[in-house]
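As a plain string of letters, each chain reads:
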Amino acid sequence: MSVPDLPTPAPTSSGGADVGRDIPTPASALAIGAHPDDVEFGCGGTLAKWAADGCVINHLVCTDGSKGTWDPTQDPADLVAARQIEQRQAARALGSRGEVVFLGWPDGELDSSLRQRWQVSYWIRKLRPTVVLGHDPWKRYRLHPDHRHAGLLAVEGIVSARDPLFFPEQEVDHHRPEALLLWEADEPDHVEDVTDHVDAKLTALRAHVSQFRSTMGVDPEDPAAEEQWGIFADRIRDRLADWGALGGCAHGEGFKMMRV
Ligand SMILES: [Zn+2]
């Protein structure tokens, strides 16, 4: 399933004294999510901000999203196709000019073994991002295994991508990104100011139509659908305001930052 870990816990500290803010806009970024929509939830505002400043945004989606529904009659193949279209629309809504890559592992069955790490390493080398973003695999009490594994793949994929003797059969030059930003951070220490990009994040989230019912609490056939969307959007804004309070801005997205 693609239901994100929402509501994510409020930041555990305040004042922003030891919280970093706003790295320089990278030349390119690669966001690695478990399912279609995870990237938009985790770092959509940050990606929209960077894209508006010239950054090439790339998506890597590890699973096919084939279990992201509460409808037992849903055809999984149709859902996979719909979610790929939605993910591409969401990327465009963020201003992405880069790639949207689907690894296609079955939803709910993602592993972080050598095989998946090989794939992630390949795409880091191929796309050569300045910054990689992903799920925090060490977030405590997380239920969804795909999010944990996708996070591990971002971390461990970087190690394989940056050192030249890993996977020489890939025949792509090794590549060391400068930083890794982990969303859903267990110990957040960095906030990106997304005050001017909240609407872009919401527009991108709204592209994930197949997730309206299960994730966003919106029933498109209900006359109150627009009101339901408004409730969801307010929830996102509130969450971004919480992060903003941590980082000293109106709306933010929080991360654990690791220098690579
Ligand atoms: Zn997910």
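Look above for the structure.
Here is what the cut-offs are and how they apply
- Residues numbered from 1 in each chain as written.
- Predicted model: local features only at pLDDT ≥ 70, side-chain atom pairs only at ≥ 80, totals over all residues.
- Heavy atoms only, no water.
- Helix = DSSP H or I, 4+ residues; strand = E, 2+ residues; numbered from the N terminus.
- Expected span 1.5 Å × (residues − 1).
- Buried < 20%, exposed > 50% of the residue type's maximum accessible area, 1.4 Å probe, protein only.
- Contact = heavy atoms within 4.5 Å.
- Donors = N, O, S within 2.8 Å, 3.2 Å for Na, K, Ca; no water.
- Pairing = 2+ DSSP bridges.
- Axes fitted to C-alpha atoms, helices over the stretch in contact; angles between N-to-C directions.
- Disulfide = S-S within 2.5 Å.

(A) How the structure looks around helix α7 (residues 225-247). With 23 residues, α7 should reach 33 Å at 1.5 Å per residue; the first-to-last C-alpha distance of 33 Å fits that figure. For α7, the set of buried residues is A225, Q228, W229, F232, A233, I236, R239, L240, W243, G244, L246 and G247. The secondary structure elements touched by the buried residues of α7 are β1 (20-21), α1 (38-52), β7 (190-193), α5 (198-206), α6 (212-216) and β8 (252-259). Immediately beyond the C-terminal end of α7, within one or two residues, lies G248, with a positive phi of roughly 80 degrees.

(B) Quick look at the coordination of the zinc ion. Within the protein, H35 (ND1), D38 (OD), D38 (OD) and H147 (NE2) serve as the donor atoms for the zinc ion, at 2.1 to 2.3 Å. Donor residues for the zinc ion sit on one chain with the sequence pattern H-x2-D-x108-H.

(C) Region of the structure containing the sheet that holds strand β5 (residues 131-135). The mixed open sheet is built from 8 strands, whose spatial order is β1-β7-β8-β6-β5-β2-β3-β4. If you trace the sheet from one side to the other, it starts and ends with β1 and β4 (100-105), each paired once. One ladder, built from 4 bridges, connects strand β6 (residues 179-183) with β8; its direction is antiparallel. Note that in β8 the partner of L181 across the bridge is M257. In this fold helix α3 (residues 114-127) packs onto β2 (28-33), β3 (56-63) and β4, with an angle of close to 175 degrees to the strand it touches most, β4.

(D) Structural view of the state of the cysteines. Counted by the stated rule, this structure contains 0 disulfides. Unpaired in this structure, C55 has its nearest cysteine sulfur neighbour in C43, at a distance of 11 Å. For C55, a relative accessible area of 1% puts it in the buried group.

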